[in-house]
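In case you want the letters, here they are:
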Amino acid sequence: HGLCNNAGVGFGRSIRETLATNFYGSVRCCAHFVPLIEAEGRVCNVASASGPNFVRGLDAEQKAIFTSRATSWEALDACLQRYAESTDYEGVAYGLSKAAVNQWTMQLAAEHPQLRVNSCSPGYILTDLTAGMGATKRPEESNCHVAPLYLLFGDVPHPETNKGRYYGSDAVRSPIDVYRGPGDPP
């Protein structure tokens, strides 16, 4: 059994609204469904390259919250609540929410070592979320299925250590603090 969390609202919403769907929606979904997944089952949290792009611009202290395997739920949630209280003048809500998904994926993997829990980017595709932003390929013309299907059904190498990781749209393990384009070396 497996679960694919693909919650996503785009731009033009408040930080609080974006986090409610993109991050806390996935958390709530996992709270209900992960207990039903048998050992060796998989969880794929769909994030975005906007997550690493967001983290790249943070100072060292903030970056550590989003990249350290030692970050607690309480520390992540407190950080997100501080962001949620502010106005999104810089348009960070979407990237913030997906960076939070990547951090929480590490936490979820640690809490459920019997499962294979990872996150990924579906790639830059033309959807309602990206309309007018330059994306040209509709989902049926793109490779947006590659990374999620790989994480749910593929032969992920070293499953004992490749848990709580982020994969790019080409299904290659990628950093969570800097953008790696499809086809670029890890």
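Report on the accompanying structure.

### Some words on the pattern of salt bridges
Then, number 1: Applying the stated rule across the entire model yields two salt bridges.
Then, number 2: A salt bridge links arginine 116 to glutamate 40, with the shortest nitrogen-to-oxygen separation between them at 3.3 Å. Taken together, the residues span a long stretch of sequence, with arginine 116 in strand S3 (residues 116–120) and glutamate 40 in the loop between helix H2 (24–33) and strand S2 (42–46) at a distance of 76 residues.
Then, number 3: Glutamate 40 sits in the partly exposed class, given a relative accessible area of 49%.
Then, number 4: Residue arginine 180 pairs with aspartate 170 through a salt bridge whose shortest N-O separation is 2.5 Å. Of this pair, arginine 180 sits in the segment after strand S5 (173–174) while aspartate 170 is found in the loop between strand S4 (166–167) and S5, placing the two residues ten residues apart along the sequence.
Then, number 5: Here aspartate 170 falls in the partly exposed class, since its relative accessible area comes to 21%.

### Quick notes on helix H4 (residues 60–67)
Then, number 1: Restricting attention to buried positions, one finds in H4 the residues Gln62, Ile65 and Phe66. The buried residues of H4 occupy an angular sector of 90° when projected down its axis, which confines them to one face. Exposed and oriented more than 90 degrees from the buried face of H4 are Ala60 and Glu61.
Then, number 2: Looking at the buried positions of H4, the neighbouring elements they touch are helix H3 (50–56), helix H5 (73–84) and helix H6 (93–111).

### Let's talk about the side chain of serine 174
Then, number 1: Turning to its location among the elements, serine 174 is positioned in strand S5.
Then, number 2: Here the side chain of serine 174 touches glycine 168 through a polar contact of 3.2 Å, landing on its backbone nitrogen.
Then, number 3: Aside from chain neighbours lying at most four places away, what touches serine 174 is Tyr166, Tyr167, Gly168 and Arg180.

### Description of the pairing of S3
Then, number 1: Judged by how many residues are buried, S3 sits mostly within the fold: five of five residues are covered.
Then, number 2: Of the two faces of S3, the one holding Arg116, Asn118 and Cys120 and the one holding Val117 and Ser119 are both buried throughout.
Then, number 3: Relative to S3, S2 runs parallel, the two sharing five bridges. The partner of cysteine 44 across the bridge, within S3, is asparagine 118.
Then, number 4: Here two bridges tie S3 to S4, and the two strands are oriented parallel to one another. Each bridged residue has a counterpart across the sheet, and for cysteine 120 the counterpart in S4 is tyrosine 167.

### Thoughts on the packing of aromatic side chains
Then, number 1: Going through the model one piece at a time under the given rule, you end up with eight aromatic pairs.
Then, number 2: Ring centres 6.2 Å apart and planes at 85° place the aromatic pair phenylalanine 23 and tryptophan 104 in the edge-to-face group. Taken as a pair, phenylalanine 23 in the loop between helix H1 (15–22) and H2 and tryptophan 104 in helix H6 lie far apart in primary sequence, 81 residues in all. Residues phenylalanine 23 and tryptophan 104 agree in their burial class; the two are buried.
Then, number 3: Through pairs of rings, three or more aromatic residues link up here, namely Phe23, Tyr24, Trp73 and Trp104.

Cut-offs and rules
Chains are numbered independently. Their residues run from 1 in the order of the written sequence. Confidence filtering applies because this is a predicted model: local features only for residues at pLDDT of at least 70, side-chain atom pairs given and counted only at 80 or more, and all residues used for totals across whole chains, interfaces and linings. Side-chain metrics rest on all non-hydrogen atoms present in the structure, leaving aside hydrogens and water. Here a salt bridge means any side-chain nitrogen of Lys or Arg lying within 4 Å of a carboxyl oxygen belonging to Asp or Glu. Secondary structure is summarised from DSSP: a helix means a run of H or I of at least four residues, a strand means a run of E of at least two, and numbering begins at the N terminus for each. Each residue gets one of three labels from its accessible area relative to the maximum for its type: buried under 20%, exposed over 50%, partly exposed in between, using a 1.4 Å probe on protein chains only. The arc in question is the one traced by the directions running from the helix axis out to the C-beta atoms. Contacts were defined at the residue level, with two residues in contact if any of their heavy atoms lie within 4.5 Å. As used in this structure description, the phrase polar contact means that two N or O atoms lie within 3.5 Å; if the pair is within protein, one of them must be able to donate a hydrogen and the other to accept it, and residues adjacent in sequence are counted only when both atoms belong to side chains. In this analysis, strands are considered paired if DSSP registers two or more bridges between them. Put simply, two rings from Phe, Tyr or Trp (the six-membered ring, in Trp's case) pair if the centres are within 6.5 Å, and we call them stacked under 30 degrees between planes, edge-to-face over 60, tilted for the rest.

Function cannot be inferred from these measures alone, as they are strictly geometric.
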